[in-house]
Amino acid sequence: MIMDNKIGLIVMIETDVLVIGAGPAGSTAAKHAALGGAKVILVEKKSEIGAPKRCAEGVSKEGLKLLGIEPDPRWAVKEIDGIRLVAPNGTDVWLNDEIKLPEAGYILERKVFDKFMAMDAGRAGADIKIKTLAKGMRKEGSGYVVTCETMGELFEIKAKIIIAADGPESHVGRWAGIKTGTKAKNMESGVQFEMCNVEMEDPDVLEFYFGSLAPGGYAWIFPKGNDIANVGLAVIATETDKTAYQYLLDFVDNCPATKNAKAVELNIGGDPVGGMIKQMSDDNVLVVGDAAGQVNPLTGGGIISGMTCGMFAGKVAAEAITEKDYSAKRLSAYDKKCQEELGSKLNKYLKVKDYLSSLSDSELDSIADAFQNVEFEEISTTELIKKLIKVSPKALLKLGKLF
Amino acid sequence: MIVKEWCMYCGECAGVCPRNLIEVKETVLVFDDEQCKECEICVKCCPIDALEKN
Ligand SMILES: Cc1cc2nc3c(=O)[nH]c(=O)nc-3n(C[C@H](O)[C@H](O)[C@H](O)COP(=O)(O)OP(=O)(O)OC[C@H]3O[C@@H](n4cnc5c(N)ncnc54)[C@H](O)[C@@H]3O)c2cc1C
């Protein structure tokens, strides 16, 4: 028993590093902190890590490789070898050579993937506390004391370093005085059906649909099998009076691929697309993943970037524990590493996202028309943007200096 | 705040709450109504219209 309710004694557990949230970023941070020799506890409020999913489940092969993760057919359920971009009037652009787009490569089964990543953390030595909610924290001595609740009982965990990996809710950073909350204009409201009977043009290709069918975002069809796909979209709620769900119902009704499709699952969730927060660490605290805005603003993809920064956080935390220095100055090595690896890339993509969101449906249609005659040397986000700048004088004006 | 029975506890409301007042348990949302300034950003952002002002 963790707490004796009758006499009100709250048990306190001590650890070096407490990771709050067992999403991909948190599990990766826990794994690397444990591999670095720190005593680690990973807490997750849900009863099943990875479920329900809040994700279209696309990741790049390159990203997994850089993280040293071998794709496993139990969670890498579909290999992707192309993309199809669809303009509001239906004009499409096909790119199916070697894929370098951040979200292309594999479609995951997140319910399995997230669990496997947590298992990796467990095998590396992290203690995992499932169905355990972090409720608040206070500074005490050389660390923080976090109040947790599990199965109706309260207990406390005292840790020298807290890694806040609590996803788009991002409470923990704010408890520590770090500005992690997301402004409504930077939060994409995502909603998705997993469907069967989807009649895709090519079941190995990711489809992206742009324009007023998803204000501030886009719609997608990400295949998970020959007739199975994640069909979803994201909108910026402040740009419309309709809910994301209403947009999805319209999309499914109107898209030829989903006319006969049947939903077997509904997923929803927020995706912070405003870029990485300026300060990601402080005395005794590191913030990782969605909680720190480590998401590609253009695509909304945050699995690989969150895990990459999770790895940096875990490593920095373990080093800080060895050196017995948990100061903001020591932990700022984490901010530096994230900025070096991701900072300028995410900033550029944020500008491209803002630009694309400003285009009308007819402007998007003309870009798709102009793309018909373009030869792509390589399929990467940067290459796409470079070509966009070539075909659109407005893009040249807005983005020319960046790429 | 009234939480409709179709709420899926995705937590988007908590992320956009400017005062960090919404606790998201696995199947319960807890609002700190006393501190709430009724900005209704949480209501606006819910992807499935599951929140309503009291
Ligand atoms: C609709 C949609 C589609 C997306 N599609 C893609 C895609 O195709 N590719 C891609 O790369 N990214 C995609 N993303 C983004 C991606 O899902 C996130 O970037 C990624 O999950 C972030 O990982 P994370 O570990 O930071 O947070 P999360 O995965 O959100 O994990 C946070 C964890 O913390 C737990 N938690 C929260 N608060 C507490 C607490 N107080 N105590 C204990 N536990 C807590 C949560 O239960 C959760 O398990 C999508 C997002 C959405 C919404």
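Note that this is a predicted model, so its numbers are computed, not measured.

Considering the interface of chain B and chain A
Opposite the 18 residues of chain B that make contact, chain A presents 27 residues. Those elements that provide at least two residues to the side of chain B that touches chain A are α1 (12–16) and α2 (41–45) of chain B. Ranked by the residues each element gives to the side of chain B that touches chain A, the list is headed by α1 of chain B, at four residues. Residue classes in the side of chain B that touches chain A are distributed as 10 nonpolar, three polar and five charged.

What about the packing of helix α6 (residues 303–323) of chain A against helix α7 (residues 328–357) of chain A?
All names here are of chain A. Their axes nearest at 9 Å, the elements α6 and α7 cross at an angle of 155°. In terms of axis orientation, α6 runs roughly antiparallel to α7. The handedness of the crossing between α6 and α7 comes out as right-handed. Of the residues in α7, those in contact with Ser305, Thr308, Cys309, Phe312, Ala313, Val316, Ala320 and Glu323 of α6 are Arg330, Leu331, Ala333, Tyr334, Lys337, Cys338, Glu341 and Leu342. When grouped by side-chain class, the residues that make up the contact of α6 with α7 number 10 nonpolar, two polar and four charged.

Quick notes on the nonpolar core
Counting residues in hydrophobic clusters, the biggest one holds 143 residues, and the most contacted among them are Ile162, Ile163, Leu233, Leu286, Val288 and Ala317 of chain A. Among residues more than four places away in sequence, those in contact with Ala317 of chain A are Val17, Ala33, Ala38, Ile161, Ile163 and Leu286 of chain A.

Considerations on the sheet that holds strand β15 (residues 205–209) of chain A
Working definition: the strands of a sheet are paired by backbone hydrogen bonds and lie parallel or antiparallel to each other. Residues and elements named next belong to chain A. Spatial strand order, β8-β7-β15-β16-β17-β14-β18: seven strands in an open sheet with mixed pairing. For this open sheet the edge positions go to β8 (92–95) and β18 (262–272), each flanked by a neighbour on one side alone. When the angles between neighbouring strand axes are averaged without regard to direction, this sheet yields 15°.

Digging into the UniProt feature "binding site: FAD" (unreviewed entry) in chain A
Residue and element names in this part refer to chain A. Here, the residues flagged by UniProt with the feature "binding site: FAD" (unreviewed entry) are Ala25, Glu44, Cys55, Ala56, Gly58, Arg110, Ala134, Asp290, Gly302 and Ile303. Maximum C-alpha separation among the annotated residues is 28.9 Å over a sequence range of 279 residues, too wide for a single clustered spot. Here Arg110 shows up in helix α3 (residues 110–124). Beyond its immediate stretch of four places on either side in the chain, Arg110 contacts Gly50, Lys53, Cys55 and Glu57. The residue Asp290 is located in the loop between β20 (285–287) and α6 in this model. Taking the number of C-beta atoms within 10 Å as the measure of exposure, Asp290 has 31 and is therefore buried. Not counting residues up to four positions away in its chain, the partners in contact with Asp290 are Gly167, Pro168, Pro272, Val295, Gly302 and Gly306.

Overview of the sheet that holds strand β6 (residues 76–79) of chain A
Residue and element names in this part refer to chain A. Pairing is antiparallel across the open sheet formed by three strands, whose spatial order is β5-β9-β6. Two strands bound the open sheet, and with one partner strand each, they are β5 (58–60) and β6. When strand polarity is set aside, the average angle formed by the axes of neighbouring strands in this sheet is 40°. Pairing of β6 with strand β9 (residues 105–108) involves three bridges; the strand directions are antiparallel. The residue of β9 that forms the bridge with Ala76 is Leu108.

Conventions used here
Residues numbered from 1 in each chain as written. Chains lettered and ligands numbered in written order. Predicted model: local features only at pLDDT ≥ 70, side-chain atom pairs only at ≥ 80, totals over all residues. Contact = placed C-beta atoms within 7 Å. Helix = DSSP H or I, 4+ residues; strand = E, 2+ residues; numbered from the N terminus. Nonpolar A, V, L, I, M, F, W, Y, C, P; charged D, E, K, R; others polar. Axes fitted to C-alpha atoms, helices over the stretch in contact; angles between N-to-C directions. Parallel < 35°, antiparallel > 145°, perpendicular 65-115°, else oblique. Left-handed = near helix turned anticlockwise from the far one by under 90°. Core = buried A, V, L, I, M, F, W, Y, C linked by C-beta atoms within 7 Å. Buried ≥ 20, exposed ≤ 12 C-beta atoms within 10 Å, placed from the backbone. Pairing = 2+ DSSP bridges. UniProt positions renumbered as here; feature names shortened; annotations may be inferred.

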